[in-house]
Amino acid sequence: MQKILFILTSHADMLNTDTKTGVWLSEFTDPFYEFLNAGYEVVLASPKGGQPPVDEMSKLTEHITSSNRRFNDDAAAQAEFANTLPLESINPDEYTAVFFPGGHGPIWDLADSATVGKIIQSFHAQGKVIGAVCHGSAAFISAGKQDAQFLQGKRLSCFSNAEEKLTGKEDHIPYLLEDVLREMGAEIDNTVIPFAPHTIVDGNLITGQNPLSAGPTAKKMIEMVKGTV
């Protein structure tokens with residue numbers, strides 16, 4: 001069975017507030033079950049290993065998806081989530097594709113992780129599928145720090161500046177993701193309609209803009225993986 005690597009954030013703190021962040025739950029659960037339903041094994045990892053923090057807002061009724069409800073009734077999946085592997089233990093050669101869920105956490109730890117950068121570079125060099133959704137695209141910053149050419153001309157989607165302002169959290173984060181990716185050479189392709197599903201494919205990179213883009217991003221990844229084997 002082919003294995004898909006999910007790399008989740010371990011970061012919970014935000015700036016100038018007691019409010020916590022972490023993984024946006026549906027950005028994990030929607031792709032997680034898309035891959036399971038398609039017959040893949042999903043392996044979960046994070047910078048610190050163990051239980052990743054979850055953004056409490058993503059548990060509110062208005063943000064709950066059918067995959068969230070499935071996860072809440074899935075003891076095996078909850079156990080996997082509570083025991084993610086530490087990134088340092090990951091051998092990229094064992095995996096067919098890698099996916100980075102969002103939540104604000106990745107703009108701190110995944111963006112600044114040399115290990116994440118090396119994993120992305122390894123997957124990219126082998127032509128393997130790399131996916132990210134929302135703030136998960138911050139992981140590409142780590143690869144760009146290691147290779148200044150990595151992001152040059154790459155078409156990516158990510159949580160937009162407009163969406164960030166609508167969440168009211170722009171004063172609680174260190175930077176706007178869209179701005180930094182663009183400054184590093186990426187061509188940001190976002191829809192102007194806030195929180196509408198939007199997914200971009202550029203070579204082996206597949207990126208989604210926001211929570212509603214998580215499932216569609218995973219579906220495109222599955223299509224690409226099937227086309228390469």
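Residues numbered from 1 in each chain as written. Predicted model: local features only at pLDDT ≥ 70, side-chain atom pairs only at ≥ 80, totals over all residues. Heavy atoms only, no water.

Here we look at the pairing of strand β2 (residues 41–46)
Alright, step 1. With 5 of 6 residues buried, β2 is to be regarded as a mostly interior element.
Alright, step 2. Across 5 bridges, strand β1 (residues 3–7) lies against β2 in parallel orientation. Each residue of the ladder has a partner; that of I7, found in β2, is A45.
Alright, step 3. This β-α-β element, β1 to helix α1 (residues 25–37) to β2, shows right-handed connectivity.
Alright, step 4. One ladder, built from 2 bridges, connects β2 with strand β3 (residues 85–86); its direction is parallel. (Buried < 20%, exposed > 50% of the residue type's maximum accessible area, 1.4 Å probe, protein only. Helix = DSSP H or I, 4+ residues; strand = E, 2+ residues; numbered from the N terminus. Pairing = 2+ DSSP bridges. Right-handed = clockwise from strand over helix to strand, strands pointing away.)

A look at the pattern of salt bridges
Alright, step 1. Applying the stated rule across the entire model yields 8 salt bridges.
Alright, step 2. Across the pair K20 and D13 runs a salt bridge whose closest N-O atoms are separated by 2.4 Å.
Alright, step 3. Among the salt bridges present, the one from E178 reaches R182, with a minimum N-O distance of 3.0 Å. Taken together, the residues span about one helical turn, with E178 and R182 both in helix α7 (residues 177–183) at a distance of 4 residues.
Alright, step 4. Since its relative accessible area comes to 11%, E178 is described here as buried.
Alright, step 5. Using a relative accessible area of 39% as the deciding quantity, one classes R182 as partly exposed. (Salt bridge = Lys/Arg side-chain N within 4 Å of Asp/Glu carboxyl O.)

Quick look at the sheet that holds strand β9 (residues 205–208)
Alright, step 1. Pairing is mixed in the open sheet, where 7 strands are placed in the order β3-β2-β1-β4-β5-β9-β8. A single partner strand is all that each edge strand has here, and the edge strands are β3 and β8 (199–202).
Alright, step 2. With 4 bridges joining them, β8 and β9 adopt antiparallel strand pairing. Paired with D202 across the bridge in β9 is L205.

Observations regarding the environment of N210
Alright, step 1. Within the fold, N210 resides in the loop between β9 and α8 (214–227).
Alright, step 2. For N210 and S157, which are 53 residues apart along the polypeptide, the C-alpha to C-alpha distance reads 8.8 Å.
Alright, step 3. Excluding anything up to four places from it in sequence, N210 contacts E27, V133, C134, F159, E163, F195, A196 and P197.
Alright, step 4. At a separation of 2.9 Å, a polar atom in the side chain of N210 contacts the side chain of E163.
Alright, step 5. Here A196 takes part through its backbone oxygen, which lies 2.9 Å from a polar atom of the side chain of N210. (Contact = heavy atoms within 4.5 Å. Polar contact = N/O pair within 3.5 Å; in protein donor to acceptor, adjacent residues only side chain to side chain.)

Points about unusual backbone geometry
Alright, step 1. Unusually for a residue other than glycine, N16 sits at a positive phi of about 60°.
Alright, step 2. On the basis of relative accessible area, N16 is assigned to the exposed category, the value being 67%.
Alright, step 3. A positive phi angle, near 65°, is found at F195, a position not held by glycine.
Alright, step 4. If you trace the backbone, F195 turns up in the loop between β7 (187–188) and β8.

Things to note about helix α4 (residues 114–125)
Alright, step 1. Taking 1.5 Å of rise per residue, the 12 residues of α4 would be expected to cover 16 Å, and the 16 Å separating its terminal C-alpha atoms lies within 8% of that figure.
Alright, step 2. Every buried residue belonging to α4 is among T115, V116, G117, I119, I120, Q121, S122 and F123, and all of these are buried.
Alright, step 3. Lining the buried residues of α4 we find β1, β4 (97–100), β5 (129–133) and α5 (139–146).
Alright, step 4. One or two steps after α4, the chain reaches G127, where phi turns positive at roughly 70°. (Expected span 1.5 Å × (residues − 1).)

Points about the packing of α1 against α8
Alright, step 1. Here α1 crosses α8 at 30°, and the two axes come no closer than 8 Å. Regarding α1 and α8, the two cross each other, and that crossing is right-handed. Residues S26, E27, D30, P31, E34 and F35 of α1 touch α8, and the partners they reach there are A214, G215, A218, K219, M221 and I222.
Alright, step 2. Partitioned by chemical class, the residues of the contact of α1 with α8 number 6 nonpolar, 2 polar and 4 charged. (Axes fitted to C-alpha atoms, helices over the stretch in contact; angles between N-to-C directions. Left-handed = near helix turned anticlockwise from the far one by under 90°. Nonpolar A, V, L, I, M, F, W, Y, C, P; charged D, E, K, R; others polar.)

Overview of the nonpolar core
Alright, step 1. Counting 38 residues, the largest nonpolar core has I7, F100, I120, F140 and L181 as its most contacted members.
Alright, step 2. Residue assignment for this core shows that the elements contributing at least two residues are β1, β2, β4, α4, β5, α5 and α7.
Alright, step 3. Ignoring sequence-local partners within four residues, the contact set of L181 consists of S137, F140, I141, L151, L156, C158, A186 and I188.
Alright, step 4. Membership of the second largest hydrophobic core comes to 28 residues, among which are I4, F28, M221 and I222. (Core = buried A, V, L, I, M, F, W, Y, C linked by side-chain atoms within 4.5 Å.)

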